[in-house]
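Spelled out, the chains give:
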Amino acid sequence: QVQLVESGGGSVQAGDSLRLSCAASGRTFNRYTVGWFRQAPGKEREFVAALRANGYTYYADSVKGRFTISRNNAKDTVYLQMDSLKPEDTAVYYCAADTGVILSSIRSAAAYDHWGQGTQVTVSS
């Protein structure tokens, strides 16, 4: 079973950048589809971005062009580079991973069995 640990959250001003990291241990991570999700207070968890083992990436419309998901297989780490942050990006960000995510479910939290503990991102105006 793979264990996931997020880091890199913090408090920034609108327009700033942050890079979140999702470090994996326990299994060969490069075979996993990895997703980033976020949850703001009082809202449901929502899809942000995903990266399949074949390198294909997927983004929510709200972050397309501002966020970039990537992976470093040598470090068993997936990153979420977040640029031009907005106050509405404020949330707890979670990474998730699974080996059996089908394309039609890649934006669904239910498709992922392994989750990190989350990291807080706060963007002030």
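Let me begin by describing the structure that accompanies this report. (Residues numbered from 1 in each chain as written. Predicted model: local features only at pLDDT ≥ 70, side-chain atom pairs only at ≥ 80, totals over all residues. Heavy atoms only, no water.)

## Section: the side chain of D89
And then number 1: By secondary structure assignment, the location of D89 is in the loop between β8 (77-82) and β9 (91-98).
And then number 2: Side-chain polar atoms of D89 contact the side chain of R38, separated by 2.9 Å.
And then number 3: A polar contact of 2.8 Å, which involves the side chain of D89, links it to the side chain of R66.
And then number 4: Contact partners of D89, with chain neighbours within four places excluded, come to R38, R66, F67, S84, V121 and V123. (Helix = DSSP H or I, 4+ residues; strand = E, 2+ residues; numbered from the N terminus. Polar contact = N/O pair within 3.5 Å; in protein donor to acceptor, adjacent residues only side chain to side chain. Contact = heavy atoms within 4.5 Å.)

## A word on the nonpolar core
And then number 1: Counting residues in hydrophobic clusters, the biggest one holds 38 residues, and the most contacted among them are F29, W36, L80, M82 and Y93.
And then number 2: If you list the elements that add at least two residues to this core, you get β3 (18-25), β4 (33-39), β5 (46-51), β6 (57-59), β7 (67-72), β8, β9 and β11 (119-124). (Core = buried A, V, L, I, M, F, W, Y, C linked by side-chain atoms within 4.5 Å. Buried < 20%, exposed > 50% of the residue type's maximum accessible area, 1.4 Å probe, protein only.)

## Regarding unusual backbone geometry
And then number 1: Residue D76 is not a glycine yet carries a positive backbone phi of 50°.
And then number 2: Along the polypeptide, D76 turns up in the loop between β7 and β8.
And then number 3: We note that S84 has phi near 50°; this positive angle belongs to a residue other than glycine.
And then number 4: Locating S84 in the fold gives a position in the loop between β8 and β9.

## Thoughts on the side chain of E6
And then number 1: Locating E6 in the fold gives a position in strand β1 (residues 3-7).
And then number 2: Within polar-contact distance, the side chain of E6 engages the backbone nitrogen of C95 at 2.8 Å.
And then number 3: Looking at E6, its side chain comes within polar contact range of the main-chain nitrogen of G118, at 2.8 Å.
And then number 4: Here E6 is in contact with S21, C22, W36, Y93, Y94, C95, G116, Q117, G118 and T119, once residues within four sequence places are set aside.

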